[in-house]
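# Structural characterization, general
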Amino acid sequence: MAQHTDMALQLRLALLLVLVFGTTITDASHFRYGSIFWKPTTETAALPDSSTGPFVAEFEMSMAFRRDYFWGAYFKEAWMDKTVHADWQRFPMPQLPYDCAQFGADANGNAIQCFLKQDRLSSYIKNYRLLFPAGMAVNGFDLKPNNDGLNTYNPDGTKNPGADAENYGGYVCVSPDNKGYDGDWKAPGPFTIGNSPELAPHFARAQPYPGSVTEISKCTPWNEVFGFFFGDQLVTSPNATYKGRRNSAHSAGVMAEVKDISFSDTDFGNYIQMEAIPFTHTYETALHPETNKPYIAYFTGGNRLHQLNNNANGRYRLEIEVAFVAPFRNRSPIATNIPVLPLPYVDAPNHVQFQIAAFDPDIGDQVRFFLGTVEEYGGLLGNIMWETDSDGFTAVQFNWHEDVYNVEGCQRKLLPASVCTDAGAVGATLSSEYVSQGYVRIGCSSSTDTVCNGTQAVKQKPPWDAATNKPSSPPNLAIDPKSGLVTWQTGKDPFNAATGAAANSQLSPGFYNLVVMVEERRNGVAEDLAVGQPTVRGSGIKVPLDFLLYLYPRAHMCSGDCDAGALKTNMTTLETTEGVYGDPDNGPRKYVLGDDFGNPLMSAGFGLPGNGTGQCKMCGGGGTSEFLYGGSVNMPRVVKYEEDALKNTTKYCVPQRIATGQAVKSCCYTGANTLEFGTQYFSAGCLGAGTADSSQSIVPYVGSLDSCLMNTPPYFLTQYTTVPRAGPTPGVPPSDAGMITSANAVPEQGLFPGSFRPAVVQYPLGADVKFDLEAYDPDHCVELQIGHTGLYDSMFMYPHQRIDERTVRRIFLWPSPSKVPLEDSRQRRTKVCFYAFDRYMATVLPFLCIQIDLIEPRIVKWCDHSTPGQNSTVLAPADSVVSAYMGEETCIPLCVEKSDMRKQYKGNLDIRMVDTAYAVKFGMPNASTSNFAYPFDEVNFPSNGELKVTLKDDPHYEKYCFTPQLGQECAYVTCFQGIDLDTVNPSDTEEAVLEYTNVRCVKIEVHNTVLEFNGQEFAMSPMLSQHIEPMAGMSMSAWLYPKCRTDGINEARNNTAFYFASNRTDVRVAMQVNKDKPMRVRNGIKFIQEAGKSYGSFVYFDDWIGPVLSPSQYACDMFHYVAVTMQESGVSHLIVDGIEEEAPLPGSRDVRTFSVTSFTSKSRPDSMSMNATGHFFVGYLPGEGWHGMIDEVRVWNKALTLAEVKSDMHLRVVTAGADAALKASFQMRDGVGTADFPLFDYSGNGNHLEMDAWHPFGVTVKPMNSSHGIPSIVPCVLGMQHTVGPTTGGCKSDVYAWNAAPSPFAKCSINGVQTRATFVKANTMSCETPGHFTPRFTPVVASNDGTSFGEPSSASKEVHHLYMDSVLYVKDRDSTAEMDSLCYDLPDRTVTFSGWFCPGCALPDPPAPTDNNRTGSYELDVIKKAAEAAAKAAAALTTTTTNATAATPAPATG
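One structure accompanies this document, and this report is about it. (Residues numbered from 1 in each chain as written. Predicted model: local features only at pLDDT ≥ 70, side-chain atom pairs only at ≥ 80, totals over all residues. Heavy atoms only, no water.)

## Description of the overall build of the chain
Regarding its fold elements, the chain presents twelve helices and 76 strands. Here the chain holds 1454 residues, and the buried ones make up 55% of them. By sequence separation, contacts in the chain at least 24 residues apart represent 70% of the contacts at least 6 residues apart. Carbon and sulfur atoms make up 52% of the accessible area of the chain, which amounts to about 59300 Å² in all. (Helix = DSSP H or I, 4+ residues; strand = E, 2+ residues; numbered from the N terminus. Buried < 20%, exposed > 50% of the residue type's maximum accessible area, 1.4 Å probe, protein only. Contact = heavy atoms within 4.5 Å. Areas by Shrake-Rupley, 256 points an atom, 1.4 Å probe, with all protein chains shown as cover.)

Next up, the structure:
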């Protein structure tokens, strides 16, 4: 049992006091988070590939530890203020627990540091350092086996001059299960071979002190070691010297600089983030000389938190692999995270999700993600048993190993008899003793048992189980190995399992520990690139990410009008002990610092300068302090409430009794017994006065804010946000935002489903990287901060600034080590991640990750080069997209200025357009973004675009403007560069060559607007009917897209596209006997889909003659041209998709589907002469609304001839005034650059399409404006899926045609030969190549209407298909090839073989294209060269070629 020396008694007293009043001293549970990464030094990176060493690695670490810890007291840890101290500060081993106020300094001037003073934050960050040496046990002994038996440091912290070199001769046990006692130190199991003291375990060995530490003699066990170890000790003979290196301990210690401090005295906060000063280590060989595998370096120390739901009191151990593989410039991945990641419960099916922030700094390399193994989690858990002795002291007994756990549990009779009578579990001596005594288990099974009465010392223990007694990941948690997306099934809340999950499967709230190993995938390693292809651990370098999760119910708050009144019993939450949330509206919040005994020490400012939102009371998501053996800790206790209770459409709390779950009050309330268990009430927020059962305790409901409001997450303000405004934070364009899916994944760039694209900023080499981060929280009450997941390489964050009551700002700075670009040693590409945090919710899906690219410096720069959040109306963001429309001018704003480095010399600036050949020198267009991936990876300016100078100065402003015309409805990649026209300025001695910016590209997408309906929307032209005089006849036409029925109802459906209607009630028409009814239909068009079919009929209808149906032959989900012509005499025609028989392809005997249906009707719209009672409606008739799209609606006051109908069908746009009979033309635009209502009448008659003129049906829903191609648009071909195909044709390929439409007439034309096309998706159609009799390059164009084909010149881009003869290519002697499945016909036949052969004409393997489905220009170059080589070889073989004939093929011989 534990020894009762004076020192032991003091330690146990100290342990008891600390457990009651704070974090345990001896288990050093101040660790929160850590990660390690490394890179080769400059000298190692420059070694030739043939080098055998030595190699030098430079390590960096990102860490977080508890803030108000006793720094300088334990584990040889020390601190210094480098502006004051010349040496490290220590004050080791007091007899009582430290009090930061009482133990300030000793006689030697040494002191502990607790980082209490928030007003010294800037000084802490700039000047303070912490030291983490290597050693053993909380006392800081040298590693075992100690060479001379003397420790470097005496118990009082002074150095022992008689001791040999620190840690000399010591090393760490190989296995976590080895306890370091007599026996075979290499044995991995709990029992060693031979008669060892390990068979009779010693207690109190968790925290050794004089009298017990000497028992450890063979090696330093994992549960006692601390410090950084480089992993190159020899296993076979660890005490031997290997090439001058005794062991792998970093005895000098890791020095870390403070980078940020959270002063929040909450579960989420109260930590110091720090960055290790880079340190190096020399490795003699590229891999470990004994294992021929990577070295495993690691950093380890005290125990994890006692409050963890998993891995409580486990050892932390950050493992990283180190290996040197040619070329030796390869670096490890870098992974960072929030030290304590708050996560509210999320119900199925989404569950809790968050992102792991990691990347590989080597361009082209990728990373994979895996959960840690037992060893990577630290290998051991403390498995606490509590001990109360005869003196009344209660102390912790750690049981790291199975044999110790068994013997300890059996001696206290807390384990089952089946364990204690098993010789294999407790040894032969003890087991026989228990058998003879008749072992009976005692204690209680749970802390709620009345016998147990909350006493941990008599709580029964289960048998040892590696699943629970060894460290592991949180339950129900999985990580996607490619994207790093973590999914955690937590349950709906602490009381309820997830929807559809097993009962009681929900997880407890509170802390969890997670270790993720991030593994490198070297450039070119592509075995798991395909989406859906499994990923397993490989040989790449692995780095650790060890951090805490905090699971809690989503917080709720009351409005600022809530008042606790006289009763001050508030809800304790994970964020506050007062139940108050929000920064005051009259200046910073104050709070009182107290010592460990609750005595006030000082007042300090809490929060940011300036006025906040005001404060709210919490009403959900809280907890209460509960006394336990093990310390006063904030245990999450959660309120049940009715989530869906509504009052005046606002949610409110319905508190429940804890025991019964019965609702008590329909509002938020409190009571005198709010913090008790059992059947008493639980604090639920919105606190009033009085007891829970009294009426005065209820806070009156008077408005939308007097209720429990669910907390919502904050977010960053970027140049793309609109609410409440745009901000300066670098952001991701909306087109690239959101989680990557399988549809837009780019595996070659590491963009897998579940991952997110980072924001990108560029800075010149030699310049400081500096940008603003602004975060906003829309909640009623706000406490907001901006954090980072880890800084490194001298990165720095300025303190917070309050912009307004809901917005804060921090500035990020990454200073350059040299203003000379060639001397800038920073990584050329790196990534840093940030989060906005309201002290309950953080932006972790995704983090705001910013990729920083350091580029060659430019004397001339774009105006947002140093201000990433510049207004996009001044300068279009890099890699952005602008939309354009037919006939409407679109301009791209551009702005350049002289660089700050040379600002004193005013530039003679200009902006120029650049072509593809020039842009690629600057890596543009950036094909790694979705905006410029193939086929948008080449520059193509429209022919009629132009640059316009708006202000010639410095800064210099221009606009590139373009008005799309016929044939120009395409996508254009426009690239620009700023230049200084004064190539040599006499007053600027450095200006000797042309000065220019990098290339900036912006895509212009020319769209077409259609109206989209879903059966409930309508629009109307109230005056159009008055312009149609019946004696002149009339016509109507439109492009209609009826949407197929998908509601599962197997019935025909009427879809009304548009119609004239009348609200006349008088008898004015002689031909009709009956009176007109209100809203009688005069002339209209419908589509009737056949029941259960994907086709139907177009219908003309009016209330004079009823419906006139076309043949039922027109597919839904496709555009069709529909027209009606009505002569004055009443002779009329319904025309669909053409007027006459036409072959779909030249020479084809097929006939394209069309119909002309004749009928007679004299029904006409109510014109001006007919009392102006008519209206024109689009999209809605009660019960028969349109489902689908409508575009190009035109109305004439004349009967079109069939020839005119055919012309109209192929007419893209009309010209106002060109045809006086044209009374309305709707292109679904408003005429001033948008698609907002009213929509413009392009006939020039002012019969606009409106929404707010009149709502005769009570319908006020307007149709949605969307972008879609229609058949009358000429599509613009930008690329092909397969740019090479056989001369025989038959190669089916996607053709990337901008504004491709779902049309029955679509065609491709390849070398002038037309072929049918099928619509695939937006901007993509599929065609089959017709073939050609000789190899050649052929132009590719397309048509939506089967008549009008695009001209490559209009898009400034030509696309070709290369016809080639089919050949077989055999790569090596183990490869085979086949053509046209010919070989399947050979086995039972006599055959003759002959052919042209080209030995050695090997095609080099091309790089993977940006798009897996295309052949890039590189491949074309390779094919050309191979074809030339084959032609030469064929010519050489002409004189010697013979035909080989054989009944059976001969084996290959060479």
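## Quick notes on helix α10 (residues 1202–1209)
Since one α-helical turn is 3.6 residues long, residues separated by three or four positions face the same way. Three or more residues of α10 are buried, namely Val-1205, Asp-1208 and Met-1209. All buried residues of α10 project into a common sector of 100 degrees when viewed along the axis, lining one side. In this fold, the buried residues of α10 make contact with β54 (1034–1042), β60 (1120–1126), β61 (1131–1136) and β64 (1187–1196). (Arc of directions from axis to C-beta.)

## Regarding the sheet that holds strand β74 (residues 1360–1364)
Taken in spatial order, the eight strands line up as β67-β69-β72-β71-β70-β73-β74-β68 in an open sheet, and their pairing is mixed. Since the sheet does not close on itself, it has two edges, and those belong to β67 (1276–1280) and β68 (1284–1286), each with one partner. Ignoring which end each strand starts from, the neighbouring axes of this sheet average 40 degrees apart. (Pairing = 2+ DSSP bridges. Axes fitted to C-alpha atoms, helices over the stretch in contact; angles between N-to-C directions.)

## Looking at the sheet that holds strand β35 (residues 759–764)
With mixed pairing, four strands are arranged side by side in an open sheet as β35-β42-β41-β37. The open sheet is flanked by β35 and β37 (785–788), the only strands paired with a single partner. Averaged over all neighbouring strand pairs, the angle between strand axes comes to 30 degrees, with direction disregarded. In this sheet, strand β42 (residues 848–855) lies alongside strand β41 (residues 829–837) in antiparallel orientation, the contact comprising six bridges. The residue bridging Lys-831 from the neighbouring strand is Gln-851, located in β42.

## Some points on the packing of aromatic side chains
One pass over the structure, following the stated rule, counts 57 aromatic pairs. Through a chain of ring-to-ring contacts, the aromatic side chains of Phe-31, Phe-65, Tyr-69, Phe-70, Trp-71, Phe-132, Phe-299 and Tyr-316 assemble into a single cluster. Over the aromatic face of Trp-814 sits the side chain of Arg-826, whose NZ or CZ is 4.9 Å from the ring centroid. Directly above the aromatic system of Phe-1101 lies the positively charged group of Lys-1086, at a separation of 4.3 Å from the ring centroid. (Phe/Tyr/Trp six-rings, centres within 6.5 Å; stacked < 30°, edge-to-face > 60°. Lys NZ or Arg CZ within 6 Å of the ring centre and 35° of its normal.)

## What to know about the environment of Ile-740
By secondary structure assignment, the location of Ile-740 is in the loop between β34 (715–716) and β35. Accessibility expressed as a relative area gives 2% for Ile-740, which makes it buried. Remark: the alpha-carbon pair of Ile-740 and Leu-751, spanning eleven residues in sequence, is separated by 6.9 Å. Beyond its immediate chain neighbours, meaning those up to four positions away, Ile-740 contacts Ala-745, Leu-751, Phe-752, Pro-753, Gly-754, Ser-755, Phe-756 and Arg-757.

## Details of helix α7 (residues 428–437)
All of the buried residues along α7 are Leu-430, Ser-431 and Tyr-434. Across the axial projection of α7, the buried residues extend over an arc of 100 degrees, all falling on one side. Seen from the buried face of α7, the exposed residues on the opposite side, beyond 90 degrees, are Ala-428, Thr-429, Val-435 and Ser-436. Elements that come into contact with the buried residues of α7 comprise α4 (402–411), α5 (417–420) and α6 (423–426). Gly-438 occupies a position one or two residues after α7 and carries a positive phi of about 75 degrees.

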